[in-house]
Amino acid sequence: MPTVYITQESGGRSFLPARKFGKLVALLPNEAQVVLSAAPTIRKLRRGLKDFTQEDFLLLSGDPLIMGLAIWIALDNSQGKCSFLKWDKIERDYYDVDVDIHDKGEY
C-alpha cells in the first residue's frame, strides 16, 4: 500500500480525504520551523522520507521552505519522479499529479 507523506501537520485541517491514496504519515509537527539553519529540518525530513518511492505521494502543507526541502528529498529518493496530492476546492477532494523532472517533453 502506498504512503501519503504530509510535509507538515496543520492545526484544524483534516487530511482524511487523502486516505484513499494510502497510509497517512506526517513528517513534521505543526509548529516546526526552519530557523537560522536548515540542517536539522533536512535531517528530520531525510529520516521521514527514507522509504519514499515512486508509488508514494507527497501532500504539501505548512511552511513553504519545508515543502521545498521535502520535494527535493522525495525527488532525490525516487529518481526524479514523484506523485503529489493537490486539493481541489470545488470538488473538496484530492487528486494526484505526477511529476517527472527528467521528462524532456518528447512524445
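Just above sits the structure.
Given the structure is predicted, the values throughout are model-derived calculations rather than measurements.

Chemist: Is there a simple way to think about the pattern of salt bridges in this case?
Modeler: Evaluation of the coordinates by the stated rule reveals 2 salt bridges. Where Lys 20 meets Asp 93, a salt bridge forms, and the shortest distance between an N and an O atom there is 2.5 Å. Of the two residues, Lys 20 sits in the loop between strand S1 (3-6) and strand S2 (23-26) while Asp 93 sits in strand S5 (residues 93-100), which places them 73 residues apart along the sequence. When the shortest N-O distance is used, the salt bridge between Asp 51 and Lys 50 registers 3.1 Å. When its relative accessible area of 58% is taken as the criterion, Lys 50 is described as exposed.

Chemist: Would you mind showing me how to read the nonpolar core here?
Modeler: Considering soluble globular proteins, one finds that nonpolar side chains tend to be buried as a cluster. In this structure, Leu 45, Leu 49, Leu 58 and Cys 82 are the most contacted members of the largest nonpolar core, which totals 17 residues. Secondary-structure elements contributing two or more residues to this core are helix H1 (39-48), helix H2 (64-77) and strand S4 (81-88). Top contributing element to this core by residue count: H2, with 6 residues. In contact with Leu 49, other than residues within four places in its own chain, are Tyr 5, Leu 27, Leu 58, Ala 70, Ile 73, Ala 74 and Asn 77. Listed in part, the 9 residues of the second largest apolar core include Ile 6, Phe 15, Ala 18 and Phe 21.

Chemist: Looking at this structure, how should I read the side chain of Gln 8?
Modeler: Within the secondary structure, Gln 8 sits in the loop between S1 and S2. Excluding residues that lie within four positions of it along the chain, Gln 8 makes contacts with Phe 15, Leu 28, Pro 29, Asn 30, Glu 31, Ala 32, Ser 61, Gly 62, Asp 63 and Ile 66.

Chemist: How should I be thinking about the environment of Val 97 in this particular structure?
Modeler: Checked against the element boundaries, Val 97 lands in strand S5. A residue is classified by how much of its surface remains accessible, and Val 97, at 32% relative accessible area, is partly exposed. In the structure, Val 97 is positioned 13 residues away from Phe 84 in sequence and 5.1 Å away in space, judged by C-alpha atoms. If sequence neighbours within four positions are ignored, Val 97 has contacts with Cys 82, Ser 83, Phe 84 and Lys 86.

Rules and cut-offs
Residues numbered from 1 in each chain as written. Predicted model: local features only at pLDDT ≥ 70, side-chain atom pairs only at ≥ 80, totals over all residues. Heavy atoms only, no water. Salt bridge = Lys/Arg side-chain N within 4 Å of Asp/Glu carboxyl O. Helix = DSSP H or I, 4+ residues; strand = E, 2+ residues; numbered from the N terminus. Buried < 20%, exposed > 50% of the residue type's maximum accessible area, 1.4 Å probe, protein only. Core = buried A, V, L, I, M, F, W, Y, C linked by side-chain atoms within 4.5 Å. Contact = heavy atoms within 4.5 Å.

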